[in-house]
Amino acid sequence: MRTLLIIGFIALLNILTCCQPEKSSELVVDINIPDPPASENLSSLIDSYEIISLDNNPDAYIENPSRTILCDSLFLIKNESNQSILIFNYLGRYIKSISKRGRGPNEYLYITDFTYNPTENSVSIYDNDKIKKYSLDGEFISEIKLGLRPNKATRIDLNHTIIEKVMPTGDSISDFYIRLVDNDFKTKSARLPLKPLTGPGFGTEGQNFRTSINGDHAYFFSYFGDTVYHINSQSIKPAFAFKYKRKIITVTNGTGNYDVDPNEALRYLSFFEIGDLNLLYYSFKNIGYCFVFNTSNNNSKLYKSTFLIRDSFNNQASLLIDAMSLDRFIELNDPEKKKCQNLTVLNAALKDQIKGFQCIIKIKFSEL
C-alpha cells in the first residue's frame, strides 16, 4: 500500500511539474519609471567634461550632423545635408571627407548608415541593399550586395556588426529586426520580427537608437517597444523592460495621429549605458527628463534633462554642438566653469562664437 502511495505521489508530482509554465532562459530586469516632475537637473551628475573644438573652415563645417562615430584616434561625422562623412583626428583637426554621392560606378546614392573598421582604416557605407567600402582618403575599395535593406548599422568588434531595420512598409517580419552578422554578413543571431516584451509598443514611427559601449557590446532601444536589448558577439537578448505609470505616445496608422492625449503621455527619446549608469531619456509636456539607474547597486533617480547625449565611448558621454549651443550648455550645466578639464580651450571657444565653430563635449559622470 505504501509503495502504491509513493508511486501515486510521484505521478502527481510529474503532472504538476509538466503543467508549470516554461521558464525563460533570458533574464530581463523590470525597471519602474517614476512620474515626472524631477527636482534636480542632470547637470548635478556631471563629474567633469572636456571640450574638443573642430576645425573652423568651410570644408569641415557640418551643416546637419546626424550619425557620429568616436574612437581613440578619429571622429567620423555624417553630414546629412550633402551625404558626406567628415573625418577628424582626436584633437578635432579636419583630415578628409568621403563624398562620393552619385549614380555612377563606385558611388553611393544615399548613406543610410556607415561603420568604421580601425584595423583596415576603412569606412563601409550602407546604401539601400548595398555596402560600399572606402578608404579614409575616399577611394573606393569594394561593394557587397546584402539582399536586405537595413537602416542602421553598428560595428561592435572587429568581427561582428549589428544591422537593424525599423522602417514600416507593411511587412512586419522584414520591417522590424535586429541581426548580428559576421564579416561575411552571415546572421549569427537575430530578432525577427522584433517585438516589445510588454506594453502597447510605440507604434511605427520608424526611429531607433543604439549605442556601442567600449567596443564589446551594444544596446538597442526603439520607439516601437518598451524593451532594451543587450547585444554582444554571441547573441541578442532583452535586458530591461520599462514599466510606466503614464500612457505612451503611440502612432498607430502612420498618419501622425495619436491614440492618447500627447499632453498626458510620455514620448521616448533614447537610451544609453555610460559605465555603470543607464540613462533613459523621455519627455512629458515638452519637458525633457532623464531617468538614471545603476544595476550594480540598484540606485536610481529622475532628473530634468539639460542636455541630450549623442553617443558614448570609453565610459564617457559625447555631445556635438555649435557655438550658440555651447554657451547654453555652460549656462545650464556649469555656469562657473568649475567642471571643465580644459578651461583654456573652453574660453577660446566661447570667445570665438561669432565664427560659427562646432565642438564635441566629452562628459564623465559621477557615481549614483
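Calculation rules
- Residues numbered from 1 in each chain as written.
- Predicted model: local features only at pLDDT ≥ 70, side-chain atom pairs only at ≥ 80, totals over all residues.
- Heavy atoms only, no water.
- Buried < 20%, exposed > 50% of the residue type's maximum accessible area, 1.4 Å probe, protein only.
- Helix = DSSP H or I, 4+ residues; strand = E, 2+ residues; numbered from the N terminus.
- Arc of directions from axis to C-beta.
- Contact = heavy atoms within 4.5 Å.
- Core = buried A, V, L, I, M, F, W, Y, C linked by side-chain atoms within 4.5 Å.
- Pairing = 2+ DSSP bridges.
- Axes fitted to C-alpha atoms, helices over the stretch in contact; angles between N-to-C directions.
- Salt bridge = Lys/Arg side-chain N within 4 Å of Asp/Glu carboxyl O.
- pLDDT = per-residue confidence, 0-100.

## So, helix H4 (residues 343-351)
Every buried residue of H4 is accounted for by Leu-346, Ala-349 and Leu-350. Projected down its long axis, H4 carries its buried residues within an arc of 95°, all on one side. Across from the buried face of H4, at angles greater than 90 degrees, the exposed residues are Thr-344 and Lys-351. Looking at the packing, one finds that the buried side of H4 touches strand E2 (46-53) and helix H3 (323-333).

## Some points on the nonpolar core
Tyr-49, Phe-307, Leu-326, Phe-329, Ile-361, Ile-363 and Phe-365 are the most contacted members of the largest nonpolar core, which has 32 residues in total. Secondary structure elements with two or more residues in this core: E2, strand E20 (265-274), strand E21 (277-284), strand E22 (287-294), strand E25 (316-322), H3, H4 and strand E26 (358-365). Once you skip the residues sitting within four places of it in the chain, Phe-307 turns out to touch Leu-42, Ser-43, Ile-46, Tyr-281, Leu-319, Phe-329, Asn-333, Ile-363 and Phe-365. Of all hydrophobic cores here, the second largest spans 21 residues; its members include Phe-240, Phe-242, Phe-271 and Leu-280.

## Some details on the pairing of strand E17 (residues 227-231)
For a regular strand, side-chain orientation follows a simple rule: the groups alternate between the two sheet faces. Most of E17 sits out of view: four of its five residues are buried. In this structure, the hairpin formed by E17 and strand E18 (residues 236-244) is closed by a connection of four residues.

## So, the sheet that holds strand E14 (residues 187-191)
The sheet built from four strands is open, its strands ordered E11-E12-E13-E14 with antiparallel pairing. The sheet terminates laterally at strand E11 (152-155) and E14, the two strands that pair on one side only. In this sheet, neighbouring strand axes are inclined to one another by 15° on average, regardless of whether the strands run parallel or antiparallel. Bridge analysis of strand E12 (residues 161-166) against strand E13 (residues 176-181) gives six bridges, and the strand direction is antiparallel. Counterpart to Glu-164 in the pairing with E13 is Ile-178.

## Here's the deal with the pattern of salt bridges
Summed over the entire model, instances satisfying the criterion amount to 12 salt bridges. Among the ionic pairs, Arg-328 bridges to Glu-331, the shortest N-O distance being 3.3 Å. Residue Arg-328 and its partner Glu-331 are both found in helix H3; the two are separated by three residues, about one turn of the helix. Overall, Arg-328 belongs to the partly exposed group, its relative accessible area being 45%. One network of salt bridges, in which partners are shared, links Asp-35, Arg-246, Glu-264 and Lys-285.

## Comments concerning unusual backbone geometry
Following Pro-36, the chain continues into Pro-37 via a peptide bond in cis, with omega recorded as 10°. One non-glycine residue with positive phi stands out, namely Phe-185, at about 60°. Inspection of the secondary structure assignment puts Phe-185 in the loop between E13 and E14.

## A short note on the confidence of the model for the chain
The predicted model of the chain averages 82 in pLDDT, with 80% of residues at 70 or higher. Under a pLDDT of 50 for its full length, residues 1-24 has, in the predicted model, zero contacts with residues more than four places off or in other chains. The low-confidence segment residues 200-207, where pLDDT is below 50, has 32 contacts with residues more than four positions distant or belonging to other chains.

## A few points about the environment of Phe-329
Tracing the chain through its elements places Phe-329 in helix H3. Taking relative accessible area as the criterion, Phe-329 reaches 5% and is therefore assigned buried. Phe-329 sits 22 residues away from Phe-307 along the chain, and the two C-alpha atoms are 7.2 Å apart. When near neighbours in sequence (up to four residues on either side) are disregarded, Phe-329 contacts Ile-46, Tyr-49, Phe-307, Leu-319, Ile-321, Asp-334, Ile-361 and Ile-363.

## Let's talk about the sheet that holds E20
Strands sit in the order E19-E20-E21-E22-E23 across an open sheet of five strands; the sheet is mixed. Both edges of this open sheet fall to strand E19 (247-248) and strand E23 (299-304), since each of them pairs with a single strand only.

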